[in-house]
Amino acid sequence: MAEGNLKITKELAEKIRGHGAETYPHECCGALLGKDDGAREILGLFPLVNRRDDSPRNRFSVTAQDVLEAEKAGRQQGLDVVGWYHSHPDHPARPSQYDRDHAWPWYSYVIVSVAEGEPQDMTSWRLNDDREAFSPEVIDIQQGAAV
Ligand SMILES: [Zn+2]
């Protein structure tokens, strides 16, 4: 599968990193709102509450209710849900087995690694159609004014 490209403004990228630092040592998660007309672009975020009470430190999951709320928030801004982001407290910014088991094809999955409360690497992934593996996606951070 060819590598995709994900455009995001510097401001939104910083917001994702900030959300990860805020919820540390727990995971943060949220929806990526934007457009995908050939090129995929993130134009807004919809932070979600991590509903996993049993292991909020390392178990990101999106519920059906989250999807509905995120899609509603997107519609109000004329945007689609094009992916999801979450943080990996004290773990590398690579999808876990759990992430793969709970991911859907097509969406972009942005992961930010947070070490000792400080945001580190940010990566993006798309699940292959056979759901066997993720392919990395290049994050193209747009400098300059936010939308
Ligand atoms: Zn994860």
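For the structure itself, look to the data block above.
Rules of the game
- Residues numbered from 1 in each chain as written.
- Predicted model: local features only at pLDDT ≥ 70, side-chain atom pairs only at ≥ 80, totals over all residues.
- Heavy atoms only, no water.
- Helix = DSSP H or I, 4+ residues; strand = E, 2+ residues; numbered from the N terminus.
- Buried < 20%, exposed > 50% of the residue type's maximum accessible area, 1.4 Å probe, protein only.
- Contact = heavy atoms within 4.5 Å.
- Areas by Shrake-Rupley, 256 points an atom, 1.4 Å probe, with all protein chains shown as cover.
- Pairing = 2+ DSSP bridges.
- Salt bridge = Lys/Arg side-chain N within 4 Å of Asp/Glu carboxyl O.
- Donors = N, O, S within 2.8 Å, 3.2 Å for Na, K, Ca; no water.
- Tetrahedral: all angles 85-135°; square planar, octahedral: opposite > 155°, others 65-115°.
- Expected span 1.5 Å × (residues − 1).
- Arc of directions from axis to C-beta.
- Core = buried A, V, L, I, M, F, W, Y, C linked by side-chain atoms within 4.5 Å.

A.B. asks: Run through the overall build of the chain, naming residues and quoting values.
C.D. replies: From N to C terminus, the chain includes 3 helices and 7 strands. Mapped in sequence order, the helices and strands of the chain form the string β-α-β-β-α-β-α-β-β-β. Of all 147 residues assigned to the chain, the portion counted as buried reaches 43%. Summarising the internal contacts of the chain: among those between residues at least 6 apart in sequence, 64% fall at separations of at least 24. Here the chain has roughly 7800 Å² of accessible surface; of this, 47% comes from carbon and sulfur atoms.

A.B. asks: Run through the pairing of strand S6 (residues 118–127), naming residues and quoting values.
C.D. replies: Judged from the 7 bridges that link them, strand S5 (residues 108–115) and S6 form a sheet pairing that is antiparallel. When the bridges of S6 are listed, Val110 appears paired with Ser124. Two successive antiparallel strands, S5 and S6, enclose a turn made up of 2 residues, where Glu116 displays a positive phi of approximately 50°. Relative to strand S7 (residues 134–142), S6 is paired through 4 bridges, and the arrangement is antiparallel. Across the sheet, the residue bridging to Leu127 is Phe134, located in S7. Where S6 folds back onto S7 in an antiparallel hairpin, the turn is made up of 6 residues, including Arg131, whose phi is positive at roughly 60°.

A.B. asks: Which residues make up the pattern of salt bridges, and what are the values?
C.D. replies: Taken as a whole, this structure holds 3 salt bridges when the rule is applied. The salt bridge partner of Arg40 is Asp36, with a shortest N-O separation of 2.9 Å. When its relative accessible area of 1% is taken as the criterion, Arg40 is described as buried. A salt bridge links Glu137 to Arg126; the nearest nitrogen and oxygen atoms lie 2.3 Å apart. Placement of Glu137 in strand S7 and of Arg126 in strand S6 is noted, with a sequence separation of 11 residues between them. Judged by relative accessible area, Glu137 falls into the buried class, the value being 6%.

A.B. asks: So, the coordination of the zinc ion: which residues are in play, and what are the values?
C.D. replies: Surrounding the zinc ion are the protein donor atoms His86 (NE2), His88 (NE2), Asp99 (OD) and Asp99 (OD), which sit 2.0 to 2.5 Å from the metal. Taken together, the 4 donor atoms coordinating the zinc ion span angles of 56 to 155° at the metal, a pattern that classifies the geometry as irregular. Written as a sequence motif, the donor arrangement for the zinc ion is H-x1-H-x10-D. Placement of the pair is His88 in strand S4 (residues 80–89) and Asp99 in helix H3 (residues 97–101), with a sequence separation of 11 residues. Judged by relative accessible area, His88 falls into the buried class, the value being 7%. Overall, Asp99 belongs to the buried group, its relative accessible area being 8%.

A.B. asks: Report on helix H2 (residues 64–76), specifying residues and quantitative values.
C.D. replies: Between its first and last C-alpha, H2 extends 19 Å over 13 residues, near the 18 Å set by a 1.5 Å rise per residue. Every buried residue of H2 is accounted for by Asp66, Val67, Ala70, Ala73 and Gly74. Projected down its long axis, H2 shows its buried positions confined to an angular sector of 130°, all on one face. For H2, exposure combined with an orientation more than 90 degrees from the buried face picks out Ala64, Leu68, Arg75 and Gln76.

A.B. asks: Quick rundown of the nonpolar core? Include the residues and the values.
C.D. replies: Considering soluble globular proteins, one finds that nonpolar side chains tend to be buried as a cluster. By size, the foremost hydrophobic cluster in this structure holds 18 residues, and its most contacted members are Ala31, Val81, Trp84, Tyr109 and Phe134. Mapped by element, the contributors of at least two residues to this core are strand S2 (29–37), H2, S4, S5 and S6. Sort the elements by how many residues they give to this core and S2 lands first, with 3 residues. Counting residues in hydrophobic clusters, the runner-up holds 14 residues, among them Ala13, Ile16, Leu32 and Leu45.

Function cannot be inferred from these measures alone, as they are strictly geometric.
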